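Results of the structural survey
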Amino acid sequence: MATQRWHVLELLEWTTSYFEKHNIPNPRLDAEVLLGHLLEKSRLQLYLHFDMPVFQKNLEVFREMIKKRAARTPISYLTNRKEFMSLDFYVDERVLIPRPETEFIVETILKMKSDSSQSILEIGTGSGVIATALAVNNPEWEIIATDICKDALAVAKLNREAHDCDERITLLQGDLFDPIKPLESTRYNWVVSNPPYIMSNAHGSLSPDVRDYEPHIALFAGKDGLSIIRTLIAEAPDYLQPDGKLIFEIGDTQKESVNALLENQSEYKKFRFIKDYSGKDRVVLASL
Ligand SMILES: C[S@@+](CC[C@H](N)C(=O)[O-])C[C@H]1O[C@@H](n2cnc3c(N)ncnc32)[C@H](O)[C@@H]1O
């Protein structure tokens, strides 16, 4: 990108071709999202301002952004934004970038319990999207959200505050159920989790955007990818009310193993799998 006067359209075309050369999967889309972010314009507004000049000061920042994207930094870490359940969230390298499939967890809970007051325990909250989306949609609900990672909880705190949920979401640090063990007698209506579930030896098959940038503690869960899910299934009944429910996300090849784990745990009276947008079994709902 030589020093010259650039206009929006030229810059988009130049960046798209630069991304193509670096094998970035959606080159034009990424160019538009990054330039729109920098100029504080929506993609539609960019189209309406193709002739607008881009000033040198912005060009320098843009150059750094496109270099990072060409090196596979995920777009959301460059814009520090991700939409989830139609809400805007702050994200950075300290947390997993929330995925659209995870919205099925929130939607399932909202569909089943829209009015009565609910107590919810989320394990592995990361950026806090699940807890925050539930709290925003239901001002009566009380949520405890935990994570093993202190840095992730700092991001969850920012999102909790941005969505005015400080009063209703308690954030606690620790391994799985450890942080709530001191609250022994409390029983929850829901235990909710999007846990890490990728097999440790699948490292090489992940896209560089994920493998090289997202926190490994949010991705990998032992040799079979089930080390966290196994504990969730085994221990959730100890923390649930008599008619409580466990809901969690799984990998697209894990249905059979998870089915077997649930069948071996007699506390669950019934369970079912919920498919994601591409028809894959993605969320498990198990009831005591
Ligand atoms: C897949 S991410 C999900 C983040 C967020 N809930 C979402 O859906 O975008 C899993 C989260 O679990 C946390 N985690 C990993 N191992 C954990 C453990 N043993 N106990 C509690 N949290 C854990 C990670 O730090 C990460 O934030």
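Model, not experiment: these values are computed from the prediction.

With that settled, the discussion passes to the overall build of the protein. Across its full length, the protein holds 12 helices and 11 strands. The C-alpha radius of gyration of the protein comes to 21 Å, within 12% of the 19 Å expected for a compact globule of 288 residues. The 288 residues of the protein split such that 50% are buried. For the protein, the proportion of contacts with a sequence separation of at least 24, taken over those separated by at least 6, is 66%.

This next bit is on the domain arrangement of the protein. Annotation of the protein at the domain level lists domain 1 (6-71) and domain 2 (82-287). Between the C-alpha centres of domain 1 and domain 2 there is a distance of 35 Å.

Here we take up the site of the ligand. In the vicinity of the ligand there are 21 residues, among which Gly-124, Asp-147, Asp-175, Leu-176 and Asn-194 approach most closely. Between the ligand and Thr-125, the relevant distance is 3.2 Å, taken from a nitrogen atom to a main-chain nitrogen or oxygen of the residue. Its free accessible area being 600 Å², the ligand has 96% of it covered by the protein chains. Of all the elements in the fold, those that place two or more residues in the shell around the ligand are helix H7 (129-137) and helix H10 (216-219).

Let's shift gears to the packing of helix H11 (residues 227-235) against helix H12 (residues 255-263). The N-to-C vectors of H11 and H12 enclose an angle of 25°; their axes lie 10 Å apart at closest approach. Between H11 and H12, the interaxial angle falls into the category roughly parallel. Handedness of the H11/H12 crossing: right-handed. Between H11, through Ile-229, Arg-230 and Ile-233, and H12, the contact on the second element is made entirely by Val-258, Leu-261 and Leu-262. Looking at the contact of H11 with H12 residue by residue, the class counts come to five nonpolar, no polar and one charged.

Counting buried positions over the 10 residues of helix H6 (residues 103-112) gives seven, a clear majority of the element. Burial in H6 covers these residues: Glu-103, Phe-104, Ile-105, Val-106, Thr-108, Ile-109 and Leu-110. Residues of H6 that are buried make contact with strand S3 (82-84), H7, strand S8 (188-193), strand S9 (240-249), strand S10 (270-275) and strand S11 (281-287).

Moving on, we come to the environment of Glu-142. Looking at where Glu-142 falls in the secondary structure, it is placed in strand S6 (residues 142-147). Glu-142 sits in the partly exposed class, given a relative accessible area of 47%. Considering only alpha carbons, one finds Glu-142 and Gln-118, 24 residues apart in sequence, at a separation of 6.5 Å.

Turning to unusual backbone geometry, a few remarks are in order. In this structure, Asn-80 is a non-glycine residue whose phi angle is positive, near 55°. Mapped onto the elements of the fold, Asn-80 is located in the loop between helix H5 (75-79) and S3. Of note in this structure, Asp-164 is not a glycine but carries a positive phi near 60°. Relative to the helices and strands, Asp-164 resides in the loop between helix H8 (150-162) and strand S7 (169-173). For Asp-164, a relative accessible area of 67% puts it in the exposed group.

Calculation criteria
- Residues numbered from 1 in each chain as written.
- Predicted model: local features only at pLDDT ≥ 70, side-chain atom pairs only at ≥ 80, totals over all residues.
- Heavy atoms only, no water.
- Helix = DSSP H or I, 4+ residues; strand = E, 2+ residues; numbered from the N terminus.
- Rg over C-alpha atoms; globule rule 2.2 N^0.38 Å.
- Buried < 20%, exposed > 50% of the residue type's maximum accessible area, 1.4 Å probe, protein only.
- Contact = heavy atoms within 4.5 Å.
- Domains from an automatic or database assignment.
- Near = heavy atom within 4 Å.
- Polar contact = N/O pair within 3.5 Å; in protein donor to acceptor, adjacent residues only side chain to side chain.
- Areas by Shrake-Rupley, 256 points an atom, 1.4 Å probe, with all protein chains shown as cover.
- Axes fitted to C-alpha atoms, helices over the stretch in contact; angles between N-to-C directions.
- Parallel < 35°, antiparallel > 145°, perpendicular 65-115°, else oblique.
- Left-handed = near helix turned anticlockwise from the far one by under 90°.
- Nonpolar A, V, L, I, M, F, W, Y, C, P; charged D, E, K, R; others polar.

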